[in-house]
Amino acid sequence: MRRRALLVSVVIAGISFAEASFAQGTPLEQARTSFNAGAQAYAAGRYDAAILAFEDAYKIAPRPQIMFSLAQAERKRYFAEGRTSPGTLRSAIAHYEAYVKEVKEGARVPDAVDALSELGPMAAKLD
């Protein structure tokens, strides 16, 4: 319940920030707007939209946190599609690996490593 309340607070703050950022229009603000749109889509279970928004944000501001969010959305999409998209699986793995390589420790590295340990064997079965 606390997690959901926090998510709602973050989404509301994100919407407010996105509206303010849209008025500004700098590249960093555009990236934040795209990221916030991705976070909202992710929270709503619209993983395709989340992936597109996170990709847009990453193109503008290639930050590891955005890459991690992209990997998370790809992983969720893969499972939501009933594990029928090998390309989505491989993309999630590539983004998690790049995140771990860049960040190395702390932050969301343990989550990325856990995801890799889950997804890696699945990808191996596809090969």
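See above for the structure.
Residues numbered from 1 in each chain as written. Predicted model: local features only at pLDDT ≥ 70, side-chain atom pairs only at ≥ 80, totals over all residues. Heavy atoms only, no water.

Glancing now at the overall build of the protein. On a plain count of helices and strands, the protein comes out with six helices and zero strands. The N-to-C order of helical and strand elements in the protein reads α-α-α-α-α-α. For the protein, buried positions account for 33% of its 127 residues. Long-range contacts, defined as pairs at least 24 residues apart, comprise 50% of the intrachain contacts of the protein with a sequence gap of at least 6. Looking at the protein as shown, the accessible area adds up to about 7,800 Å², and 57% of this sits on carbon and sulfur atoms. (Helix = DSSP H or I, 4+ residues; strand = E, 2+ residues; numbered from the N terminus. Buried < 20%, exposed > 50% of the residue type's maximum accessible area, 1.4 Å probe, protein only. Contact = heavy atoms within 4.5 Å. Areas by Shrake-Rupley, 256 points an atom, 1.4 Å probe, with all protein chains shown as cover.)

For the rest of this paragraph, the subject is unusual backbone geometry. Residue Arg83 is not a glycine yet carries a positive backbone phi of 60°. Checked against the element boundaries, Arg83 lands in the loop between helix H4 (64-80) and helix H5 (86-103). Among the residues examined, Arg83 registers a relative accessible area of 49% and is labelled partly exposed. Its identity is not glycine, yet Lys104 carries a phi of approximately 75°, on the positive side. Structurally, Lys104 can be placed in the loop between H5 and helix H6 (109-126).

On to the packing of H4 against H6, then. Where H4 meets H6, the axes come as close as 12 Å, and the angle between the chain directions of the two elements is 40°. Remark: the crossing between H4 and H6 carries left-handed chirality. Here Phe68, Arg75, Tyr78 and Phe79 of H4 lie close against H6, whose contacting residues are Asp111, Ala112, Ala115, Glu118, Leu119 and Met122. By residue class, the composition of the contact of H4 with H6 is seven nonpolar, no polar and three charged. (Axes fitted to C-alpha atoms, helices over the stretch in contact; angles between N-to-C directions. Left-handed = near helix turned anticlockwise from the far one by under 90°. Nonpolar A, V, L, I, M, F, W, Y, C, P; charged D, E, K, R; others polar.)

To characterise two packed helices, one gives the angle between the axes of the helices and the distance between these axes. Between helix H2 (residues 27-43) and helix H3 (residues 47-60), whose axes approach to 7 Å, the crossing angle comes to 160°. The angle between H2 and H3 falls in the class roughly antiparallel. Crossing of H2 over H3 shows left-handed handedness. Contacts between H2 and H3 involve Pro27, Gln30, Ala31, Ser34, Phe35, Ala37, Gly38, Ala39, Ala41 and Tyr42 from the former and Tyr47, Ala49, Ala50, Ala53, Phe54, Asp56, Ala57 and Ile60 from the latter. Along the lines of polarity and charge, the residues of the contact of H2 with H3 split into 14 nonpolar, three polar and one charged. (Parallel < 35°, antiparallel > 145°, perpendicular 65-115°, else oblique.)

So, about the nonpolar core. One finds Leu89, Ile93, Tyr96 and Leu119 to be the most contacted residues of the largest nonpolar core, which totals 15 residues. Those elements that place two or more of their residues in this core are H4, H5 and H6. Looking at which element gives the most residues to this core, the answer is H6, with seven residues. With residues up to four places along the chain from it excluded, the contact list for Ile93 reads Leu116, Leu119, Gly120 and Ala123. Ala50, Phe54, Leu70 and Ala73 belong to the second-largest nonpolar core, a separate cluster that totals six residues. (Core = buried A, V, L, I, M, F, W, Y, C linked by side-chain atoms within 4.5 Å.)

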